[in-house]
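# Chains, contacts and geometry: an overview
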Amino acid sequence: MLRLAWTRSQSTNRGTIKSGFTYDLFRLERTPTSEYNRAIGHTPVALRKPPSVLSLRTLHSRRLRTTWKASFRMASGGEGKSSPPASPTKQSNRLAQERSPYLLQHAYNPVDWFPWGQEAFDKAKKEDKPIFLSVGYSTCHWCHVMERESFEDEEIGKILSDNFVCIKVDREERPDVDKVYMTFVQATSGGGGWPMSVWLTPELRPFIGGTYFPPRNTGFRPGFKTILMRIMEQWRSNRDALESNGERVIEALKKSSAIAASADDLPPPAITVAKRCFIQLAKSYEEEYGGFTEMPKFPSPVNLMFLMTFWATNHSTAEGAEALRMSLHTLRMMALGGIHDHVGQGFHRYSTDSSWHVPHFEKMLYDQAQLAVAYITAYQVSGEQFFADVARDVLLYVSRDLSDKSGGFYSAEDADSLPTAQSSEKKEGAFCVWTAGDIRGLLREPVEGATGGATQADIFMHHYGVKEQGNVAPEQDPHGELQGQNVLIVRYSVELTAAKFGLSVEKAEEVLAAGREKLAQVRKGRPPPHLDTKMLSSWNGLMLSGFARVGAVLGDRALVERAEQAAQFLRDQLWDEAGQRLLHSCYRGEEMQVEQIASPILGFLDDYAFVVCGLLDLYEASLRPRWLQWAEELQLQQDVLFWDGQGSGYFITDPSDPTVLLALKEDQDGAEPSANSVSALNLLRLSQYTGRQEWAQRSQQLLAAFSDRLIKVPIALPDMVRGLMALHFTLKQIVICGQPDAEDTARLIACVNSAFLPHKVLMLADGDTEGFLYQRLPVLSSLRPLGGSATAHVCQNFTCALPVTSPEELRRLLKE
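### Structural notes on the sheet that holds strand β20 (residues 732-737)
In spatial order, the strands read β21-β20-β22-β23; together these four strands make up an open sheet with mixed pairing. Each having just a single partner strand, β21 (760-765) and β23 (799-800) make up the two edges of the open sheet. As judged from the two bridges shared by strand β22 (residues 791-796) and β23, these two strands associate in the antiparallel manner. Within β23, the residue paired with Cys795 across the bridge is Cys800.

The following block contains the structure:
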């Protein structure tokens, strides 16, 4: 319950923040059930439980034979225009001038919304009003609910507009604002989530916070209108207590969130930390279906990448074998489950049940990016084509549905859509689910040679678990949105399905593929979900890594070229050459052109770290030094803007920004890896490519700053543990001397890319002594091809083993 008696409240990450002010703001009796869902694994934000109607769904071996086509057409998406439709009955507010799809969704609310900015701050000070800050994102289910129930309500809109300065923030557009106030909400209420609702003083100090609220009182819960009236009353009669209490919480958070190390501190022992991280993950591992919680289940690529890295350095031990088993089993079960879109490709946000069956249907770019890398890594370590097919499947979805013609990638697809063109109310999953009747009508042809004259539908429904009454359990569908519907999930291997119907495996695969294609054609005629066409540097950087890594491993030039197109988009649209600053976001305009807002949002730490990582991956895929050169430029700027010269590590935002109350360093790898985790490895890789040993030292200082977290709960930072392991084992340089387009050079490069080598950097020494690499690493001039053949040198600290010229010799050398 939203309250000022915070004696029991605690942040998921920071420990308990207590207040001496115990006045109970809301007199309604408290519900006896818990206010919040438990934290999801070790993710930083617990999912807030709205009123009793909450469901986990509504909160937030099959063989794939996808043929890759290099057709990167622009996604059409639902509600594709950036501006909201004109309304004959409603007046727009100032959000109609914004470009964020989320802000535009609220442009016709009867609320006097402001975007985050000086105009709103000045109004609050001039009129001496509290600020109501509402934070969400355009594909957030409960954000839609709160808008429909409260922000579209004329009475509530008038109360808000008359008594508060109302600010609407897209958390993806302003992650700096979201992080600060989410930290406050977590610390003072024990959980968090979106929509986030926070009340601030005109000086931007928070004093009350929560998440979703029903519009009016329900049982023992106060409604949003009641909360507003009581905050207004307390602002008039108890303002000093409100302000001082909020100030105390902020000061306590400043102390509790501090992460620092002395200049001479060393990182913790990598072997000990890595083993503890493995043990903690193993304890939380769910054996039957994989994953690291019972339910809901999140993909957690950071966990899977750590486990495969742990295996790579412990492959001869029982623990290493167990780490590999956990990661491959989880990835397999996810790909077979309903969280994987078997018709439209890609992955949904998370599963609401333990078996990866019924998802929250939202699709996020950052999930696709990280899962593409995880699946192609699983292919490297296992050799199973299945995992490579899934990686291609993900990239096919992104290329078709999340790609802009400029080369950039859109942010997300919504979970909700209209069931039919005639429908007036959206439902979650409507675009993706099927009735048994749908499938019987589409796949009615009998299959030649099938037992009992089975039709395509019989085979398809058996394989994908389709039931006449629907296959979604009532507890996964409390609102009845999925009643009678089916979420496709692979229930049997193709071999078993083929055997049941007396078919060859090849024929069964043909029938299933034809069925998926027919369903895909039908889905094209359904009203599509809303497409968030905002393009973010950070998420584009992650997706850049996805295309580059998959393209390199599979030797697919089309994928590498798509990665280069994305890198060029970042350079053209999100790099301010004059100011030498990365920009955070850009937008798709009404004429499908890329647009920027009048005052562009400058890049945050995530933007720099994820783009640098993507450029390094792109260099290893393309071996074009221009991408290394830009990565070096960005890292230098990241150091200037965000490095903490006193305590080491990177702040997530520019600490000189006066509107940011807390100078935070993200200490959790969640749905996205922490930018500090990514930077730890970026710095090590760049030190090898540029010869800048100060970057290796900076990585060491960064890891030392997070020592306490790494020692006690490494499961919170599995991606940073990977960086710590790389520091311990020292990166190897694999230098291929040869002509870029020569066949023998390509064979050696393909040999390197076929193996999962987490502690290596790959370089091409092409003899261009005036080029970037030779200028940074003069030692490359001493490495030459043998006998006119492309030659591989495997070195550590540029002390090299004997050079080899054949892939077989190189493979043997890499295994040592």
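### Considering unusual backbone geometry
Residue Pro195 is reached from Trp194 by a cis peptide bond, and omega for that bond is 5°. Within the secondary structure, Pro195 is located in the loop between α5 (175-189) and β6 (196-200). Cis geometry is found at the peptide bond from Met295 to Pro296, where omega equals -10°. You can see Pro296 is positioned in the loop between α8 (270-284) and α9 (301-313). A positive phi angle, near 55°, is found at Asp128, a position not held by glycine. Mapped onto the secondary structure, Asp128 falls in the loop between α2 (118-127) and β4 (131-136). For Gln345, which is not glycine, the phi dihedral falls at a positive 70°.

### Notes on the environment of Leu628
Summarising the element assignment, Leu628 is placed in helix α20 (residues 625-642). Judged by relative accessible area, which is 1%, Leu628 ranks as buried. Linking Leu628 and Tyr689, residues 61 residues apart in sequence, is a C-alpha distance of 7.8 Å. The contacts of Leu628, once residues within four sequence positions are left out, are Leu616, Tyr619, Tyr689, Phe772 and Leu773.

### With respect to helix α12 (residues 385-401)
Residues lying three or four places apart along an α-helix face the same way, a consequence of the helix completing one turn every 3.6 residues. The first and last C-alpha atoms of α12 sit 24 Å apart over 17 residues, in line with the 24 Å expected at 1.5 Å per residue. Of all 17 residues that make up α12, 14 are buried, and the element is covered over most of its length.

### Quick look at the side chain of Thr352
Relative to the elements of secondary structure, Thr352 occurs in the loop between β8 (350-351) and β9 (359-360). A polar side-chain atom of Thr352 sits 2.4 Å from a polar atom in the side chain of Gln476.

### Looking at the pattern of salt bridges
Scanning the entire structure with this criterion turns up 49 salt bridges. The salt bridge involving Glu632 is made with Arg692; its shortest N-O contact spans 3.1 Å. Residue Glu632 is found in helix α20, and its partner Arg692 is found in the loop between α21 (675-690) and α22 (693-705); the two are separated by 60 residues along the sequence. Here the residues in one salt-bridge network are Asp153, Glu155, Arg216 and Lys225, joined through shared partners.

### Things to note about the state of the cysteines
Inspection of the entire model under this criterion finds two disulfides. Note that Cys140 is cross-linked by a disulfide to Cys143, the S-S spacing being 2.3 Å. Sign of the S-S torsion, about 80° for the bond between Cys140 and Cys143, identifies this disulfide as right-handed. For the pair Cys140 and Cys143, a shared accessibility class is recorded, and that class is buried. Here Cys795 is linked by a disulfide to Cys800, with a sulfur-sulfur distance of 1.9 Å. With the S-S dihedral at roughly 95°, the linkage between Cys795 and Cys800 falls on the right-handed side.

### Looking at the packing of helix α10 (residues 318-336) against helix α11 (residues 365-382)
Following both chains from N to C, one finds α10 and α11 inclined at 125°, their axes separated by 11 Å at the closest point. When the axis of α10 is compared with that of α11, the two are oblique. Where α10 crosses over α11, the handedness of that crossing is left-handed. Listed contacts from α11 to Leu324, Leu328, Leu331, Met334 and Ala335 of α10 are Leu371, Ala374, Tyr375, Ala378, Val381 and Ser382.

### Focus: the sheet that holds strand β5 (residues 165-170)
Strand order in the open sheet made by the five strands is β3-β5-β4-β6-β7, with mixed pairing throughout. Here the strands that pair on one side only, and so sit at the sheet edges, are β3 (113-115) and β7 (206-210). The average undirected angle you get between the axes of adjacent strands in this sheet is 25°. Sheet topology note: the β6/β7 ladder contains four bridges and is antiparallel.

### A word on the pairing of β7
Among the five residues of β7, five are classified as buried, and the element is accordingly described as predominantly covered. Connecting β6 to the antiparallel partner β7 that follows it, the hairpin turn spans five residues, and Leu204 within it adopts a positive phi of roughly 75°.

### Some points on the pairing of β5
Successive side chains on a regular strand alternate, one facing one side of the sheet and the next facing the other. Taking burial as the measure, the six residues of β5 include six buried ones, the bulk of the element. Where burial is concerned, the two faces of β5 agree: the one with Val165, Ile167 and Val169 and the one with Cys166, Lys168 and Asp170 are both buried. With three bridges joining them, β3 and β5 adopt parallel strand pairing. The partner of Trp113 across the bridge, within β5, is Cys166.

### Quick look at the packing of aromatic side chains
Evaluation of the coordinates by the stated rule reveals 28 aromatic pairs. An angle of 40° between the planes, with centres 6.3 Å apart, marks the rings of Trp199 and Phe224 as tilted. On the criterion of sequence distance, the pair formed by Trp199 in strand β6 and Phe224 in helix α6 (residues 224-237) is long-range, its members being 25 residues apart. Each of the two residues, Trp199 as well as Phe224, counts as buried. Aromatic side chains Tyr608 and Phe642 sit 5.6 Å apart centroid to centroid with 65° between the ring planes, which places their arrangement in the edge-to-face category. Note that Tyr608 is positioned in helix α19 (residues 605-622) and Phe642 in helix α20, a separation of 34 residues in sequence.

### Section: the packing of α9 against α11
Interaxial distance between α9 and α11 falls to 9 Å at its minimum, and their mutual angle equals 25°. As judged from the angle between their axes, α9 and α11 are roughly parallel. Handedness of the crossing formed by α9 with α11: left-handed. Of the residues in α11, those in contact with Pro301, Val302, Met305, Met308 and Trp311 of α9 are Gln370, Leu371, Val373, Ala374, Thr377, Ala378 and Val381.

### With respect to the confidence of the model for the protein chain
Taken over all residues, the pLDDT of the protein chain has a mean of 89, while the share at 70 or more is 89%. The model gives residues 26-74 a pLDDT under 50, and that stretch makes 171 contacts with residues more than four places away or in other chains. A low-confidence stretch, residues 76-83 (pLDDT under 50), is modelled with 23 contacts involving residues beyond four sequence positions or located in other chains.

### Quick word on the environment of Glu672
As for its placement among the helices and strands, Glu672 is situated in the loop between α20 and α21. Given the relative accessible area of 18%, Glu672 is considered buried. When the C-alpha atoms of Glu672 and Ser538 are compared, they prove to be 9.9 Å apart, with 134 residues separating the residues in sequence. Setting aside chain neighbours within four positions, we find Glu672 in contact with Tyr366, Gln370, Trp539, Asp606 and Phe610.

Conventions adopted
- Residue indices follow the written sequence of each chain, beginning from 1 at its first position.
- Only residues with pLDDT of at least 70 get local features here, since the model is predicted, and only at 80 or more are side-chain atom pairs given and counted; chain-wide, interface and lining totals rely on the full set of residues.
- For the side-chain quantities, the full set of heavy atoms in the structure was used; hydrogens and water were omitted.
- Only strands that DSSP links by at least two bridges are regarded as paired with each other.
- Helix numbers and strand numbers start at the N terminus; a helix is a DSSP run of H or I with at least 4 residues, a strand a run of E with at least 2.
- Only protein chains enter the area calculation, which uses a 1.4 Å probe; residues under 20% of their type maximum are buried, those over 50% are exposed, and those in between are partly exposed.
- The contact definition used throughout considers only heavy atoms, calling two residues in contact when any of these lie within 4.5 Å.
- Every helix has an expected span of 1.5 Å times one less than the residues it contains.
- In the analysis that follows, any N or O atom pair within 3.5 Å is treated as a polar contact, provided that within protein one partner can donate a hydrogen and the other can accept it, and provided that, for residues neighboring in sequence, both atoms belong to side chains.
- Counted as salt bridges are all cases of a side-chain nitrogen of Lys or Arg within 4 Å of a carboxyl oxygen of Asp or Glu.
- In this description, the term disulfide denotes a pair of cysteine sulfurs within 2.5 Å.
- Geometry is summarised by axes, namely lines fitted to C-alpha atoms with helices restricted to the contacting stretch, and by angles between N-to-C directions that run from 0 to 180 degrees.
- In this scheme, roughly parallel covers angles under 35 degrees and roughly antiparallel covers those over 145, while 65 to 115 is roughly perpendicular and the rest are oblique.
- The hand of a helix crossing depends on one turn: near helix anticlockwise from the far one by less than a right angle means left-handed, and clockwise means right-handed.
- Only rings of Phe, Tyr and Trp enter the pairing, Trp through its six-membered ring, and a pair is recorded when the two centres are within 6.5 Å. The plane angle decides the type: under 30 degrees is stacked, over 60 is edge-to-face, the rest tilted.
- pLDDT measures how confident the predictor is about each residue, on a scale from 0 to 100.

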